[in-house]
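Per-entry structural report
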Amino acid sequence: MSLWIIYIALLLAAVGTLIVIILGIIGTYLIIVGRFMRYSPPVPSSGKVKNKMLQDAAEYLSNKSGLEIVDLGSGWGTLLLPLARQFPHHRFVGYELSFLPYYVSKFRTRHLTNLQIVRQDFYEANLASADLLFCFLLPDEMRKCGDNLLPSLKSEALIYVNRFVFPNIKPDRTVSFGSEYETFYVYRLDRTGHE
Ligand SMILES: C[S@@+](CC[C@H](N)C(=O)[O-])C[C@H]1O[C@@H](n2cnc3c(N)ncnc32)[C@H](O)[C@@H]1O
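Residues numbered from 1 in each chain as written. Predicted model: local features only at pLDDT ≥ 70, side-chain atom pairs only at ≥ 80, totals over all residues.

Here the focus is the overall build of the chain. If you tally the helices and strands in the chain, you get five helices and seven strands. Taking the principal axes of the C-alpha coordinates as reference, the chain spans close to 70 × 35 × 30 Å. Considering the chain as a whole, with its 195 residues, one finds that 30% of them fall into the buried category. Within the chain, contacts between residues at least 6 apart in sequence are counted, and of these 60% link residues at least 24 apart. (Helix = DSSP H or I, 4+ residues; strand = E, 2+ residues; numbered from the N terminus. Buried ≥ 20, exposed ≤ 12 C-beta atoms within 10 Å, placed from the backbone. Contact = placed C-beta atoms within 7 Å.)

In structure tokens, the structure reads:
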């Protein structure tokens, strides 16, 4: 009996150690990527913000077809994957430069013919036909995006922005569950003004 308790304790200790090692590797990867890369670390949208953003976008997409949905830095495919499954009649494109998120999301989305993950800088992409975009980038990148990218979009395109805003541009809607870390913004260029 006491031997069983020792076995179980050893097993729990081994599983615990494995979990700590895995979390350590993921944490180190995110820190290194965030510290040394030129662009945002691949932190996915999560929690209430992710769920509400997806629900809100899904309401907009339902009863329409043939729209183009773009994620500017699609990370692990967190936002595009569930929407592409739900809406086979829309077209989804994720631009992702980071090596690991690109290959992981490519693998996760391999069966979806309406979703394309592209390893390309989104500043070099043609976004003129995008109808709905997602964007979760650091403040400096949001500024760059606001200056260089927004002018090339359709004025009626919807842009869902997680956490960090486009400076000097008023969002059409703000959805908040508390702090700025639990907030997302919806921009529509023909309805937004400059602050
Ligand atoms: C904070 S993550 C957001 C991931 C995803 N959009 C989400 O909300 O779950 C930002 C991602 O954008 C990518 N990224 C940043 N700048 C980029 C650029 N210019 N072109 C392509 N990908 C970029 C980063 O590699 C990172 O994976």
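Interfaces are often described in size by the accessible area the parts lose on coming together. According to the domain assignment, the chain consists of domain 1 (1-36) and domain 2 (47-188). Computed from C-alpha atoms alone, the centre-to-centre distance between domain 1 and domain 2 is 34 Å. (Domains from an automatic or database assignment.)

Here the focus is unusual backbone geometry. Look at Arg163: it is not a glycine, yet its phi comes out positive at around 75°. Mapped onto the elements, Arg163 comes out in the loop between strand 5 (158-162) and strand 6 (173-176). One non-glycine residue, Asn168, lies in positive phi territory at about 70°. Within the secondary structure, Asn168 sits in the loop between strand 5 and strand 6.

Further remarks concern the pairing of strand 6. Across four bridges, strand 6 lies against strand 7 (residues 183-188) in antiparallel orientation. Bridged to Ser176 within strand 7 is Thr183. Between strand 6 and strand 7, which pair antiparallel one after the other, the connecting turn spans six residues, and Gly178 there sits at a positive phi close to 150°. (Pairing = 2+ DSSP bridges.)

So, on to the sheet that holds strand 4 (residues 132-135). The sheet built from seven strands is open, its strands ordered 3-2-1-4-5-7-6 with mixed pairing. The outermost strands of the open sheet, each flanked by one partner alone, are strand 3 (115-118) and strand 6. With direction set aside, neighbouring strand axes in the sheet form an average angle of 15°. In this sheet, strand 5 lies alongside strand 4 in parallel orientation, the contact comprising four bridges. Bridging across to strand 5, Leu133 finds its partner in Ile159. Its contacts with the sheet put helix 2 (residues 47-61) on strand 4, strand 5, strand 6 and strand 7, and the angle it makes with strand 5 is roughly 175°. (Axes fitted to C-alpha atoms, helices over the stretch in contact; angles between N-to-C directions.)

With that settled, the discussion passes to the nonpolar core. Membership of the largest hydrophobic core comes to 37 residues, with the highest contact counts inside it found for Leu133, Cys135, Ile159, Tyr160 and Val161. Secondary structure elements with two or more residues in this core: helix 2, strand 1 (68-72), helix 3 (80-86), strand 2 (91-95), strand 4, helix 5 (139-148), strand 5 and strand 7. Not counting residues within four places of it along the chain, the set of residues in contact with Tyr160 comprises Met53, Ala57, Phe134, Phe184 and Val186. (Core = buried A, V, L, I, M, F, W, Y, C linked by C-beta atoms within 7 Å.)

Within the fold, Val165 resides in the loop between strand 5 and strand 6. Taking the number of C-beta atoms within 10 Å as the measure of exposure, Val165 has 20 and is therefore buried. Separated by 23 residues in sequence, Val165 and Met142 have C-alpha atoms that sit 6.7 Å apart. Ignoring any residue separated from it by four or fewer positions in sequence, one finds Val165 in contact with Met142, Pro171 and Tyr185.

This paragraph deals with the pairing of strand 2. Judged by how many residues are buried, strand 2 sits mostly within the fold: five of five residues are covered. Strand direction decides the pairing type here: strand 1 and strand 2, joined by five bridges, are parallel. Bridge pairing in strand 2 links Glu68 to Arg91. Two strands pair when backbone bridges link them, and strand 2 and strand 3 are joined in this way by four bridges, in the parallel orientation. In the strand pairing of strand 3, Gly94 is matched with Ile117. Regarding the hand of the β-α-β motif, the stretch spanning strand 2, helix 4 (residues 99-108) and strand 3 is right-handed. (Right-handed = clockwise from strand over helix to strand, strands pointing away.)

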